[in-house]
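Per-entry structural report
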Amino acid sequence: MIDWFPLWLSLRVAALATFFVLTAGTFVAYLLSHKSFRGKNLVDSLITLPLVLPPTVLGYYLLVLVGRHSPLGQLYEGLFGQPLVFTWQAAVVAAFLHSAPIYIKAGRAVLETVDTRYEWAAHSLGASEWRTFWRVTLPLAWRGLSSLASLSFARSLGDFGVTIMVAGNIPGQTQTLSVAIFDAVESGDGRLARILVIVISAAALALLWAAGYLSRPARAQSAG
Amino acid sequence: MRIDARLIKRLPPTGGSEAFELNVHLKSDADITVLLGPSGAGKTLTLNCLGGFATPDEGRILVNDELYFDAPTKLRLPPQQRRCGYIFQDHALFPHMTVRENLRFAANAGRGNSGLNRHRRIAELLETFELADLAGRKPAQLSGGQKQRAALARMLVNEPKLLLLDEPTRGLDGRLKQAFYELLGKLRERSAAPMVLVTHDLEECMELAGHVCLMEAGRFTQCGPRERVFARPATVEVARSLSIYNILPASVEALDPGRDCSRLSVLGQLWEVPYLPGRLIGDQGYVCVRQSETKVVVASGSPAAANQLLLKIESASPSLRGVRIQLEHAVIAEISEAEYALCRGSERLTVEVPSAAVYFVGK
């Protein structure tokens with residue numbers, strides 16, 4: 001009997017991480033694409049950093065940043081009554097870190113392709129920036145952003161390095177699919193490893209297909 | 001003054017283009033002010049400064065006695081508070097909304113209207129601009145002319161105080177252009193706000209402008225009421241840019257205020273024109289005669305008569321009014337097919353200008 005908990009946990013972690021990527025990531029991408037401010041390049045570099053650093057380094061930073069003795073970690077413990085590290089919530093943070101940089105970088109590009117004139121037109125009609133963002137910019141960028149969101153979900157499913165550093169490998173608690181595969185190979189359970197590999201590959205393929213489907217240009221409508 | 005805008009904006013050189021400086025003073029009391037100039041002259045940048053989408057480095061903008069921008073006091077009203085109706089090139093109708101939703105977006109964005117008022121205003125505007133049947137369509141399902149009407153209707157929803165139109169007839173054929181000018185008449189019934197319209201189309205300028213600002217390389221070369229600018233270009237460069245004039249070098253030979261008469265030497269011929277106040281004998285300059293007033297004398301002899309020139313024909317091409325003949329010294333005249341048949345084969349042609357049509361501009 002196969003234990004499906006890792007799959008269920010991975011889906012839950014990826015869904016939550018994607019939710020945070022969509023909200024916070026879209027906000028940051030909007031700032032980067034529409035605002036000029038001091039230190040913009042630095043922010044951009046910081047966002048790219050997780051893409052190039054080894055997962056162990058990122059995991060180490062996270063442990064220092066949100067560990068039980070850090071201010072952030074204590075704040076979290078005070079708010080939720082339990083430490084963050086070595087819980088499945090830490091796996092969400094790890095997955096977020098794994099998928100947010102790509103979402104933000106590509107999301108910025110998507111938001112930049114929205115023709116400024118639509119936003120200007122909205123402003124000249126009296127619409128606030130907030131209203132313009134919700135009613136004009138976001139709907140026009142939605143196709144691209146939702147495709148990126150499914151890509152983020154697929155990427156969140158696949159994090160291994162950071163997850164094992166900050167969430168550990170506790171079966172039934174923090175063991176996500178990718179960690180479970182590592183565990184199965186280590187303990188010589190070839191059959192389990194094979195099945196999990198096929199499951200995660202199929203899920204990733206389906207999500208990539210969905211991303212491609214969403215990012216297709218809208219069918220051209222004929223002019224009347 | 002309904003519009004009084006002093007604008008200086010410097011754009012640093014970028015990859016493809018050189019540094020650019022906009023330095024203009026737009027003052028107008030007219031209903032429609034037209035900025036006329038070639039592309040790259042800074043017309044759209046001027047509109048963007050008025051609308052709040054570009055911030056001048058120096059200057060101030062005063063519209064209907066309301067201060068939009070003042071560089072010394074760092075006052076800059078955001079576009080939302082300027083209440084400018086802006087027609088962008090290609091209209092910028094929101095592609096994901098229907099025509100009615102586009103108007104409703106504008107109504108909801110504006111302040112102070114009650115729900116019922118908004119509803120009524122949208123219905124009225126859809127009716128006025130013949131959009132009632134198209135209200136449920138998305139912009140992609142509209143023709144060029146329909147998009148134009150929708151953009152105008154959307155602009156008027158919030159009763160703007162200044163109307164900015166950026167090449168509104170670009171890409172429309174002659175018939176649709178005419179329809180658009182009629183629409184502007186309709187628009188006038190609903191909004192008395194001053195309008196600034198950008199174009200590089202001379203005929204459009206003729207058709208619409210009350211006040212004209214000719215623009216070149218970030219500057220106004222001449223501003224004023226339309227008739228004045230077109231009849232009295234300030235410099236020979238302005239006259240050339242209008243491309244409605246035949247321009248020939250000339251010098252003042254005699255001045256007789258008593259008989260209200262002056263004599264000019266044009267290519268060695270003496271022309272008699274009305275008295276030129278403020279000129280001196282020997283002044284060098286140019287005579288400008290509208291191409292439409294340059295007559296061709298078909299039964300040509302020697303150019304003995306006054307105000308005539310014998311010029312070599314360089315080429316002839318069919319035109320709307322008959323045949324357009326290009327003569328030496330870049331003189332252009334238009335004659336009918338029948339007249340052209342009479343002078344076909346001759347190498348030279350005599351042109352005559354009525355003395356009242358001659359305008360002398362100094363060097």
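What you see is a predicted model; the values in this text were computed from it and never measured.

1. As for the overall build of chain A
For chain A, the helix and strand inventory stands at 10 helices and 0 strands. Taken from the N to the C terminus, the helices and strands of chain A come in the order α-α-α-α-α-α-α-α-α-α. On the principal axes, the C-alpha backbone points of chain A span a range of 65 × 45 × 30 Å. Considering chain A as a whole, with its 224 residues, one finds that 37% of them fall into the buried category. Look at the contacts in chain A between residues 6 or more apart in sequence, and 73% of them connect residues 24 or more apart.

2. Focus: the interface of chain B and chain A
Facing 21 residues of chain B, the contacting portion of chain A comprises 18 residues. Going through the elements one at a time, α2 (79-82), β7 (84-87) and α3 (99-109) of chain B are the ones with two or more residues in the side of chain B that touches chain A.

3. Some thoughts on the environment of B:K147
Residues and elements named next belong to chain B. By secondary structure assignment, the location of K147 is in helix α5 (residues 144-156). The buried category is assigned to K147, around which 20 C-beta atoms lie within 10 Å. Taking the C-alpha atoms as reference, K147 lies 33 Å from Q222; in sequence the two are 75 residues apart. Discounting residues that sit within four places of it in the chain, K147 has contacts with H91, L93, P139 and L142.

4. A look at the confidence of the model for chain B
Per-residue confidence for chain B averages 86 on the pLDDT scale, and 97% of its residues sit at or above 70. Scored as a complex, the prediction yields pTM 0.82 and ipTM 0.81.

5. A short note on the sheet that holds strand β9 (residues 195-199) of chain B
Residues and elements named next belong to chain B. An order of β7-β8-β9-β3-β10-β11 is seen for the 6 strands of this open sheet, with the pairing classed as mixed. Of all the strands in the sheet, the pair left with one neighbour each is β7 and β11 (219-225). In this sheet, neighbouring strand axes are inclined to one another by 15° on average, regardless of whether the strands run parallel or antiparallel. As defined by bridge partners, strand β10 (residues 211-216) adjoins β11 across 6 bridges and the pair is classed as antiparallel. Bridge pairing links M215 to F220 in β11. Across the sheet, helix α1 (residues 43-51) touches β3 (32-36), β7, β8 (162-166), β9 and β10, and the angle it forms with β8 is around 150°.

6. A word on the pairing of strand β18 (residues 322-327) of chain B
All names here are of chain B. One ladder, built from 6 bridges, connects strand β17 (residues 308-319) with β18; its direction is antiparallel. Among the inter-strand pairings, I313 is bridged to a residue of β18, identified as L327. Between the antiparallel neighbours β17 and β18 lie 2 residues. Examined bridge by bridge, β18 and strand β19 (residues 332-335) share 4 bridges and lie antiparallel to one another.

7. Some thoughts on the nonpolar core
By size, the foremost hydrophobic cluster in this structure holds 73 residues, and its most contacted members are B:V34, B:L50, B:A153, B:L164 and B:V212. In this structure, A:A94, A:A100, A:L111 and A:V166 belong to the second largest nonpolar core, which totals 47 residues.

8. Description of the sheet that holds strand β2 (residues 20-28) of chain B
Residues and elements named next belong to chain B. Here we have 5 strands laid out as an open sheet, ordered β2-β1-β4-β5-β6, and antiparallel in their pairing. The open sheet has two edge strands with one neighbour each: β2 and β6 (75-76). Each of β1 (3-11), β2 and β4 (58-63) touches α1; the most contacted strand, β1, lies at about 115° to it.

9. Here we look at helix α1 (residues 5-34) of chain A
Given 3.6 residues per helical turn, the α-helix brings residues three or four places apart onto the same face. Residues and elements named next belong to chain A. For α1, with 30 residues, the first-to-last C-alpha span of 42 Å sits near the 44 Å given by 1.5 Å per residue. At G25, α1 is deflected by roughly 25°, the largest bend along its length. Inspection of α1 places P6, L9, S10, V13, A14, A17, T18, V21, G25, T26, A29 and L32 among the buried residues, and these make up the whole buried set. Contact partners of the buried residues in α1: α2 (40-52), α5 (88-112), α7 (129-157) and α9 (177-186).

10. Section: the packing of α1(A) against α5(A)
All names here are of chain A. Two elements in contact, α1 and α5, have axes whose closest approach is 6 Å; the angle formed by their N-to-C orientations is 35°. Two packed elements cross with a definite hand, and for α1 against α5 that hand is right-handed. Its residues assigned to classes, the contact of α1 with α5 comprises 20 nonpolar, 6 polar and 2 charged.

Criteria and cut-off values
- Residues numbered from 1 in each chain as written.
- Chains lettered and ligands numbered in written order.
- Predicted model: local features only at pLDDT ≥ 70, side-chain atom pairs only at ≥ 80, totals over all residues.
- Helix = DSSP H or I, 4+ residues; strand = E, 2+ residues; numbered from the N terminus.
- Buried ≥ 20, exposed ≤ 12 C-beta atoms within 10 Å, placed from the backbone.
- Contact = placed C-beta atoms within 7 Å.
- pLDDT = per-residue confidence, 0-100.
- Pairing = 2+ DSSP bridges.
- Axes fitted to C-alpha atoms, helices over the stretch in contact; angles between N-to-C directions.
- Core = buried A, V, L, I, M, F, W, Y, C linked by C-beta atoms within 7 Å.
- Expected span 1.5 Å × (residues − 1).
- Bend = angle between axes of the 7 residues up to and from the residue.
- Left-handed = near helix turned anticlockwise from the far one by under 90°.
- Nonpolar A, V, L, I, M, F, W, Y, C, P; charged D, E, K, R; others polar.

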